[in-house]
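Descriptive analysis of the structure
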Amino acid sequence: MSQTAPAAPKAIEGSLNFLDDRLGSTTFFKRNARKVFPDHWSFMLGEIALYSFVILLLTGTFLTLWFKPSMHEVIYNGSYTKLNGVKMSEAYASALHISFDVRGGLLMRQLHHWAAILFMASIMAHMLRVFFTGAYRKPRELNWLIGIGMFTLGMVEGLFGYSLPDDLLSGTGLRITQGVLEAIPLVGTYGYMFLFGGEFPEGDNGDLIPRLFTLHVLLIPGIILALVTAHMMIMWHQKHTAMPTRNQTEQQVYGYPFYPVFMAKTGAYFLFTFGVLALLSTLTQINPIWLFGPYDPGAISAGSQPDFYMGVLEGSLRIMPNWEITAAGHTLSLNVLIPALLPLGLVFGGAAAWPFIERWVTGDNRSHHVNERPRNAPVRTGVGMAAVTFYGLLWLAGANDLLAERFHVSLFATTWFFRFAIFIGPVLAYIVTKRICLGLQRKDAAVIDHGVESGIIVMSPEGKFSERHTPVKEDDKIVILSKENAKPEAPAVDASGVPAPGTKGPMGFLRSRLQRAWTFDDIPVEDKGHHGEHHEVEGAEHSGAEQKELSR
Amino acid sequence: MKRFTAWRRRPWAGYAVVLAALAAIGVLYAGFTPQNDRAEAAGNAQAAEDLQNGRQLYNKNCASCHGQNGEGTKDANGKAIAPSLLGVGAASVDFQVSTGRMPAMNPGAQMPRKRPIPEFNVDVKTDYEEPEKREAAEKQKAQAEKNLADLRAYIASLGGGPSVPTAEQTDPDKGNAAAGGKLFRTNCAQCHNFVGSGGALTGGKYAPPLDTSDVTPTQIYEAMLTGPQAMPVFNDTTLTPENKRDIIAYLVKTREEPNPGGNGLGRVGPVSEGLAGWLIGLSLLVLAAMWITAKKPKKLKKS
């Protein structure tokens, strides 16, 4: 893949030469400082995560200067008088101290927490962008897996982080963590004792909070930082994918050079991220631990939810029927085990396996550097929307008591709604999304075939009215024609009766069936070179496929 | 002296002495008590009148469901339509009527809090500029207060029960908010949420929010004392009157406290925070991304 960029102005060359003269790395800098980055707003979503992570590291360091990760019991006597005389852990007391007595402490706490929210939200948005544009395809599968790994680690990091202040809400989350650990067959109790250092909440020596602290400030951020580095280096090496626009080909990246254009943009975007976080942290309150009170095993609050990225687990736990198996003196708590492992296992496992499944089904082993429009891969887009629906419904189910309370519906009704909806919703989402994609493909074919409506009505000499169509603009045409039409299926057996490679055996059969499902209703979009003529796009050759789809 | 001694020994003498003593006591009693008697008679008449007013209000607003004598009513299957009011006490009446829950409009899973009907609405605006308007409003308020008191007295007269707490018992300034917070988290937060923002319960029922200023300390106390609707009773052995006052202190002081970190987002925890993170945070950043990656207009392209 070669890169094209206009010759750099003198000032830029000058500063590069300055570095080159001193570091003697002319070729390295020449090559990398002029690295080309394609432009699209959705390519910035991952950068929100990167910059939130930077802010998380900085604010987190500030917080460690005052936070005391200790479960030692103290009696509070400080600025927040509504908790005076209340017994609490030193961790909670020091979090109150940061909030009310340390200058800028509350702002830093809120910045840290909002950055965590934005970190996870932007990773989710970024992953959806990557998925729906097919940017995970060869050669970028490894970066996709690293991304899933970082998101999973981010969830654990977040859970440990909001558990540190040892307030009533976070203690409830830890209690659920305990339940999930204990539900793991055979090793559950051991795992629980190993992590918690004895019975929750105290442990034998009050080990839990110090352990979570070490994991939260040292181990997990270290791993995430390493993965971020790997993610960026791989991206740098493989070059960023691009949207199908003019000048953009599989062989050539078209965009702005890293230095100075992209560097200025991304620098500005760091400031935007910081600005939005500052806005949120000064205008909206997050995690008011002083309202929750210290953790007390005898207390619980309504509306006890985790942070949003754990909401999907909360939701699956809330709608799970109470199934338990007791055999030979051992209890298998399916009511906890299934919601803890199955839904996220499906979503994350499915996401991790997807690039490889897709490659196997489509038999497409080429490298892709230009993204695919979501409509041009209806099965992928449909499956993606089904997963979004599945995840989204479980997420909403995690807030079912608030939904019931705010919208005045029965709590039980919401539970039963979600129990059915998580099975029906994704199927519906798949069907609807696929039909929309195919409809958009048809529209593209029509636009290429007879142009766009000009809004000019002409009357023919016979008195017939018709609208004049004008040929589509060249830029739009390039986007529309980026679609790769499905190739006709290879015959199952060749002329000599030998089955095609890769179709033998049950796996081969499955593969050819899946491949047919991937492509059978594809609408060819091609420039036949005649504009303005009115004729049906959905010709006779497609009506058979249509019938099949409708009768399924 | 001889004559007196002779009379003393007559057979009827003993009876005469007893009679004379009784007469003397009667005269003395009559001499000391006539005024008291008159006042009591007048007071009795007033109390009877108030009770009569309470009874009339009851017949007008309550009897259709709770029965002619407050005995409650049942449907054809023996399922209670409205509970008996015998022994519920003045506190219960005061809570239900002053929060507008009773008289109920339509039976559902739970009676919602609403504006009390005009006859019992003590929360009327009286700070008018015009004297006649102000006087009318004050009169209306006084009448509503009397109506409420009369109704309470009437229901209490049917079978006793807990009475309305005193101002001293419900004064938030006399309670210990820290102790109250601990009690609230242990006893109340599981339904009412951690600062009383309310929460959902089973079968369409809900724990109403306590974080608005129209929920008065008296109503909070009465609710704990009488356990209205889905709420359990917290009697004086479960939560002592001091405990109740501490909880009131915690609720009132917490709801009056400003949010130090900015907008409280409803004080319902991480759900609204997640929503704000996505809707405000991510939306603003997407807009920023669109801005800095937007195609330049043609005339600027050279730069």
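Residues numbered from 1 in each chain as written. Chains lettered and ligands numbered in written order. Predicted model: local features only at pLDDT ≥ 70, side-chain atom pairs only at ≥ 80, totals over all residues. Heavy atoms only, no water.

With respect to the overall build of chain A
The secondary structure content of chain A amounts to 19 helices and 10 strands. Summarising its shape, the C-alpha atoms of chain A cover approximately 95 × 70 × 55 Å along the three principal directions. Evaluated residue by residue, chain A yields a buried proportion of 48% over its 552 residues. Relative to all contacts within chain A whose residues are 6 or more apart in sequence, the contacts with residues 24 or more apart total 75%. Just so you have it, chain A exposes about 26800 Å², and 67% of that area is on carbon and sulfur atoms. With 45 positive and 48 negative side-chain charges, chain A shows a spacing of 5 Å between the two charge centroids. (Helix = DSSP H or I, 4+ residues; strand = E, 2+ residues; numbered from the N terminus. Buried < 20%, exposed > 50% of the residue type's maximum accessible area, 1.4 Å probe, protein only. Contact = heavy atoms within 4.5 Å. Areas by Shrake-Rupley, 256 points an atom, 1.4 Å probe, with all protein chains shown as cover. Lys, Arg positive; Asp, Glu negative; His and termini not counted. Charge placed at Lys NZ, Arg CZ, Asp CG, Glu CD.)

Comments concerning the pattern of salt bridges
Residue and element names in this part refer to chain A. All chains considered together, the criterion is met by 29 salt bridges over all chains. The salt bridge partner of Glu314 is Arg318, with a shortest N-O separation of 2.7 Å. With Glu314 and Arg318 both in helix α12 (residues 311-319) and four residues apart, this pair spans about one turn of that helix. A salt bridge links Glu358 to Arg380; the shortest N-O distance between them is 2.9 Å. Taken together, the residues Glu358 in helix α13 (residues 334-362) and Arg380 in helix α14 (residues 378-397) connect sequence positions 22 residues apart. Side by side, Glu358 and Arg380 carry an identical accessibility label, which is buried. Counted as one network, the salt bridges with shared partners bring together Arg137, Glu358, Glu372 and Arg380. (Salt bridge = Lys/Arg side-chain N within 4 Å of Asp/Glu carboxyl O.)

Quick notes on the side chain of A:Thr177
Note on placement: A:Thr177 falls in helix α7 (residues 168-183). A distance of 2.8 Å separates the side chain of A:Thr177 from the backbone oxygen of A:Gly173, its partner in a polar contact. (Polar contact = N/O pair within 3.5 Å; in protein donor to acceptor, adjacent residues only side chain to side chain.)

Remarks on empty space enclosed by the protein
As enumerated under the stated definition, the model contains four cavities of 30 Å³ or more in all. Counted as a void, the largest cavity has a volume near 90 Å³. As for the largest cavity, its lining consists of A:Tyr136, A:Arg137, A:Lys138, A:Glu141, A:Pro355, A:Glu358, A:Arg359, A:Thr362, A:Asp364, A:Arg366 and A:His368. Here the lining of the largest cavity gets four residues from one element, more than from any other, and that element is α13(A). Residues that form the lining of the largest cavity fall into these classes: two nonpolar, two polar and seven charged. The computed volume of the second largest cavity comes to approximately 40 Å³. As for the second largest cavity, its lining consists of A:Gln285, A:Pro288, A:Phe292, B:Phe194, B:Gly264, B:Leu265, B:Arg267, B:Val268, B:Gly269, B:Ser272 and B:Glu273. Looking at side-chain class alone, the lining of the second largest cavity contains five nonpolar, four polar and two charged residues. (1 Å grid on protein atoms, 1.4 Å probe; cavity = no way out; pocket = protein on both sides within 12 Å on 5 of 7 lines; lining within 4 Å. Points joined across faces, edges and corners; volume = space filled by probe spheres on them. Nonpolar A, V, L, I, M, F, W, Y, C, P; charged D, E, K, R; others polar.)

Things to note about the confidence of the model for chain A
Residues and elements named next belong to chain A. The predicted model of chain A averages 88 in pLDDT, with 94% of residues at 70 or higher. When pLDDT is averaged over each helix and strand of chain A, the minimum, 38, is found for helix α19 (residues 540-551) and the maximum, 97, for helix α5 (residues 105-132). Low confidence marks residues 531-552, where pLDDT is under 50. Its contacts with residues over four positions away, or in another chain, come to 28 contacts. (pLDDT = per-residue confidence, 0-100.)

Describing the nonpolar core
Counting residues in each nonpolar core, the largest one holds 128 residues, and the members touching the most others are A:Phe151 and A:Tyr269. Looking at this core element by element, the count peaks at 17 residues for α5(A). (Core = buried A, V, L, I, M, F, W, Y, C linked by side-chain atoms within 4.5 Å.)

Quick look at the domain arrangement of chain B
Residue and element names in this part refer to chain B. With domains assigned, chain B is organised as domain 1 (44-73 + 80-159) and domain 2 (172-256). Computed from C-alpha coordinates alone, the two centres of domain 1 and domain 2 are separated by 23 Å. In this assembly, 13 residues from domain 1 lie in contact with 16 residues from domain 2. Interface of domain 1 and domain 2: buried area, both sides summed, is about 1200 Å²; carbon and sulfur atoms make up 48% of it. Sorting the residues of domain 1 by area buried against domain 2 places Phe95, Gln110 and Arg113 first, and these three jointly supply 49% of that buried surface. Put simply, domain 1 and domain 2 have one salt bridge between them. Taking the shortest distance from any N to any O, the salt bridge between Asp214 and Arg113 comes out at 3.5 Å. Among the residues forming the side of domain 1 that touches domain 2, the class breakdown is five nonpolar, five polar and three charged. (Domains from an automatic or database assignment. Buried area = accessible area lost by both parts, 1.4 Å probe.)

Description of the pairing of strand β10 (residues 465-470) of chain A
All names here are of chain A. Of the strand pairs in this sheet, strand β9 (residues 452-459) and β10 are connected by five bridges, and their pairing is antiparallel. Bridged to Met459 within β10 is Phe465. The turn linking β9 back onto β10 is made up of five residues, and Gly463 within it adopts a positive phi angle of 95°. (Pairing = 2+ DSSP bridges.)

Overview of the side chain of B:Thr254
Note on placement: B:Thr254 falls in helix α10 (residues 241-256). For B:Thr254, the side chain forms a polar contact with the main-chain oxygen of B:Tyr250, separated by 2.5 Å. Filtering out sequence-adjacent residues up to four positions away, B:Thr254 remains in contact with A:Lys82, A:Leu291, B:Val195, B:Ala249 and B:Arg267.

Quick look at the interface of chain A and chain B
One frequently used descriptor of interface size is the decrease in accessible area upon assembly of the parts. Each partner contributes residues to the interface: chain A has 65 residues there, and chain B has 51 residues. When the buried area of chain A at its contact with chain B is split by residue, A:Lys82, A:Gln285 and A:Leu291 rank highest and sum to 15% of it. The salt bridge partner of A:Lys82 is B:Glu257, with a shortest N-O separation of 2.7 Å. Counting every contact that joins chain A to chain B gives 16 residue pairs in polar contact (both at pLDDT 80 or more).

A word on helix α7 (residues 177-187) of chain B
Within α7(B) the residues assigned to the buried category are B:Ala177, B:Ala178, B:Gly180, B:Gly181, B:Leu183, B:Phe184 and B:Arg185. Packing partners of the buried residues in α7(B) comprise α7 and α11 (289-292) of chain A together with α8 (189-192) and α10 of chain B. By the N-cap criterion, in which a side-chain oxygen at the helix start approaches the backbone nitrogen of a residue two or three places on, α7(B) is capped by B:Asn176, the distance to B:Ala178 being 3.0 Å.

As for helix α8 (residues 188-196) of chain A
All names here are of chain A. Considered for burial, the residues of α8 that qualify are Gly188, Tyr192 and Phe196. Down the axis of α8, the buried set is contained in an arc of 45°. They therefore lie on one face. Residues of α8 that are exposed and point more than 90 degrees away from the buried face comprise Tyr190 and Phe194. Phi turns positive, to about 65°, at Gly197, one or two residues after α8. (Arc of directions from axis to C-beta.)

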